[in-house]
Amino acid sequence: MLQLHARFDSTWDSDPAVLRISTNPKRESNLRRAEAFLLSLASTDLPADFGTYLAIGPQTATFESSHPQQQIHLLPESLAYLTDGDIVYLQPRSGEMWVLYRRSSAFNSMLLTERCNSRCLMCSQPPKESDDFHLADTYFQAIRLMDPVTPELGITGGEPTLLGPRLLDLIQECKSQLPQTALHLLSNGRLFSYLSLCQELAEIDHPDLVIGIPLYSDIASKHDFVVQAQGAFDETIRGIMNLERCGVRVELRVVLHNATVDRLPSLARFVARNLPFVEHIALMGLEMMGYAKINLDALWIDPVDYRPNLISAVRILAQHGLNVSIYNHQLCTLDRELWPYARKSISDWKNEYLEVCATCSVQNECGGFFSSAKLRHSAHIHPIAATSPESESPVPN
């Protein structure tokens, strides 16, 4: 699991800062104040005027510098992956740093709030009732430092729509600063039941925006139970309809666990009949963090045990011409018929494989495991031999 948070070897008296990493000592002078210069252990010279100076190595490392007035702040070797164009958030007084953005990653996302109006049984990011508007402020600064050819950014929470106009401002900022970057906004969809919010979002006219909304059952009471919010099903369906009415693209997301898999084929039929306009349906494996970890005994079901319902649901959606994918699953737990729908969807910083996977011929195509899979995983994990018929091109490009 890639480390995205670290502590410095010391603290210092300075305001928090969002900075882009640079290793170029000849960087244009007008850009240096917004950047952190990253030294190697062999560095003997410090170019002037950068926002701060960082080095990665053992706490005992020393530096010979021609600019001794500049303090060099040491980070642990777990952050050795940092490179030009990455963006970090520094809190000098607490001696901490967070990696906000990795230029080479396809899995960058912006956590805008930890507040939420639902309490989903399997939520991997349990909500916090705190004033965290500073999170959005931090990303407003980061957006202006991101590579303009970033392919996609996620927007997540908590529930981002609780930010109100601030969310709309951030989407507008992304359109202005990153016009080539697709946005994927994760929301429970409930506040989109207000048509005015959908209209304001549509007026931004972002060129590539998709709203990912969870739907857990075709029965209102079952969906409301999963999200622990009475009336949520009706609000969510109304929100999806309002977004379609305003021309905003929608993806449906279904987390598969013991409270959702029993009616999965019925949910597929419901979607095909009533929501045929959705752009994509993602059927997702369970991440065992947060509330999911607490409720694991009630939620866990081996993916092999719900395979018949998963096959049925995928067939129904595909037969109706809907775009369906399977996320967060291992190929050895899926029927061969489902392999073309399986995606490598787990963020690269938390995607792992078990020791038994080392000899698997399709590991490169397999979705792998969340780092939390050490708590529980399918009892049917096994390597697939290269000579096996099952190993033929499981996932098309």
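Bear in mind that the values here come from a model prediction, so they are computed numbers and not experimental data. (Residues numbered from 1 in each chain as written. Predicted model: local features only at pLDDT ≥ 70, side-chain atom pairs only at ≥ 80, totals over all residues. Heavy atoms only, no water.)

Undergrad: When you look at the packing of helix α3 (residues 195-204) against helix α5 (residues 232-245) in this model, what are you seeing that I'm missing?
TA: Relative orientation and spacing of two packed helices are given, respectively, by the angle between their axes and the distance between those axes. Put simply, α3 and α5 touch, their axes get as near as 9 Å, and they point 35° apart. Regarding α3 and α5, the two cross each other, and that crossing is right-handed. Listed contacts from α5 to Leu195, Cys198 and Leu201 of α3 are Gly239, Asn242, Leu243 and Arg245. When the residues that make up the contact of α3 with α5 are grouped by side-chain class, the tally is 4 nonpolar, 2 polar and 1 charged. (Axes fitted to C-alpha atoms, helices over the stretch in contact; angles between N-to-C directions. Helix = DSSP H or I, 4+ residues; strand = E, 2+ residues; numbered from the N terminus. Left-handed = near helix turned anticlockwise from the far one by under 90°. Contact = heavy atoms within 4.5 Å. Nonpolar A, V, L, I, M, F, W, Y, C, P; charged D, E, K, R; others polar.)

Undergrad: Before we go on, may I ask you to explain the pattern of salt bridges in this structure?
TA: Opposite charge on two side chains permits pairing when their charged atoms draw close. One pass over the full model with this rule turns up 22 salt bridges. Note that Glu35 is salt-bridged to Arg27, the shortest N-O span being 2.8 Å. Here the salt bridges do not stand alone but share partners, grouping Arg20, Arg27, Glu28 and Glu35 into one network. (Salt bridge = Lys/Arg side-chain N within 4 Å of Asp/Glu carboxyl O.)

Undergrad: Explain the sheet that holds strand β8 (residues 109-111) here, please?
TA: Strand pairing in a sheet is mediated by backbone hydrogen bonds. Such pairs are either parallel or antiparallel. Spatially, 7 strands are ordered β8-β9-β10-β11-β12-β13-β14 in an open sheet, and the strand pairing comes out parallel. Either end of the sheet is taken by a strand with one partner, and the two such strands are β8 and β14 (324-327). Sheet twist, expressed as the mean angle between neighbouring strand axes with direction ignored, is 20°. Both strand β10 (residues 182-186) and strand β11 (residues 209-214) contribute to a ladder of 4 bridges, which runs parallel. (Pairing = 2+ DSSP bridges.)

Undergrad: Would you explain the environment of Leu331 in this entry?
TA: You can see Leu331 is positioned in the loop between β14 and β15 (351-352). As a C-alpha pair, Leu331 and Pro276 span 55 residues in sequence and 28 Å in three-dimensional space.

Undergrad: Please explain the nonpolar core as it appears in this structure.
TA: Soluble, globular proteins show a tendency: their nonpolar side chains are buried together. Ranked by size, the top nonpolar core spans 94 residues in total, and within it Met110, Leu201, Val271 and Leu310 carry the most contacts. Here Val271 is in contact with Leu215, Leu252, Pro276, Val278, Ile281, Leu317 and Leu322, once residues within four sequence places are set aside. Formed by 16 residues, the second largest nonpolar core is a distinct cluster that contains Trp12, Leu19, Leu79 and Val88. (Core = buried A, V, L, I, M, F, W, Y, C linked by side-chain atoms within 4.5 Å. Buried < 20%, exposed > 50% of the residue type's maximum accessible area, 1.4 Å probe, protein only.)

Undergrad: I would appreciate a short explanation of the confidence of the model for the protein chain in the present structure.
TA: Residues shown with low pLDDT carry predicted positions that ought not to be read at fine detail. On average, the protein chain scores 92 in pLDDT, and the residues at 70 or more come to 93%. Per-residue pLDDT stays below 50 along residues 391-397; that stretch engages in 18 contacts with residues further than four places along the chain or on separate chains. (pLDDT = per-residue confidence, 0-100.)

Undergrad: Is there a simple way to explain the packing of helix α6 (residues 264-274) against helix α9 (residues 307-319) in this structure?
TA: Two numbers describe how α6 lies on α9: the axes approach to 8 Å, and their chain directions differ by 10°. Accordingly, the angle class assigned to the pair α6 and α9 is roughly parallel. Contacts between α6 and α9 pair Leu264, Pro265, Ala268, Arg269 and Val271 from the former with Asn309, Leu310, Ser312, Ala313, Ile316 and Leu317 from the latter. A class-by-class count of the residues in the contact of α6 with α9 yields 8 nonpolar, 2 polar and 1 charged. (Parallel < 35°, antiparallel > 145°, perpendicular 65-115°, else oblique.)

Undergrad: Can you walk me through the packing of aromatic side chains in this structure?
TA: Two measures describe an aromatic ring pair: the distance that separates the ring centres and the angle between the ring planes. In this structure the tally under the stated criterion is 6 aromatic pairs. Plain terms: the ring middles of Phe8 and Trp12 are 5.0 Å apart, the flat faces sit at 75° to each other, and that makes the pair edge-to-face. Like Phe8, the residue Trp12 is buried in the burial classification. Of the aromatic side chains, those joined through ring pairs into one cluster are Phe37, Phe50 and Tyr53. Directly above the ring of Phe133 sits Arg115, whose terminal nitrogen or CZ lies 4.9 Å from the centroid. (Phe/Tyr/Trp six-rings, centres within 6.5 Å; stacked < 30°, edge-to-face > 60°. Lys NZ or Arg CZ within 6 Å of the ring centre and 35° of its normal.)

Undergrad: What should I look at first to understand helix α1 (residues 134-143) in this one?
TA: Working note: α-helix, 3.6 residues per turn, so residues spaced by three or four point in the same direction. In terms of burial, α1 is largely enclosed, as 7 of its 10 residues are buried. Among the residues of α1, those classed as buried are Leu135, Ala136, Thr138, Tyr139, Phe140, Ala142 and Ile143.

Undergrad: Please clarify how the pairing of strand β4 (residues 52-56) should be interpreted in this entry.
TA: Consecutive side chains of a regular strand alternate in pointing toward one face of the sheet and then the other. β4 sits mainly inside the fold: 5 of its 5 residues count as buried. Burial along β4 is two-sided: the residues Thr52, Leu54 and Ile56 and Tyr53 and Ala55 are all buried. Of the strand pairs in this sheet, strand β3 (residues 35-39) and β4 are connected by 4 bridges, and their pairing is parallel. Within the sheet, the bridge partner assigned to Phe37 lies in β4 and is Tyr53. Here β4 runs beside strand β5 (residues 72-75); their pairing, made up of 4 bridges, is parallel. Bridge assignment links Tyr53 to a residue of β5, and that residue is Ile72.

Undergrad: Sorry if this is basic, but what is going on with helix α4 (residues 220-227) here?
TA: Burial in α4 covers these residues: His223, Asp224, Val226 and Val227. Buried residues of α4, viewed axially, fall in a sector of 160°; they line one side. Looking at the buried positions of α4, the neighbouring elements they touch are β11 and α5. Gln228 lies just past α4 and shows a positive phi near 55°. (Arc of directions from axis to C-beta.)

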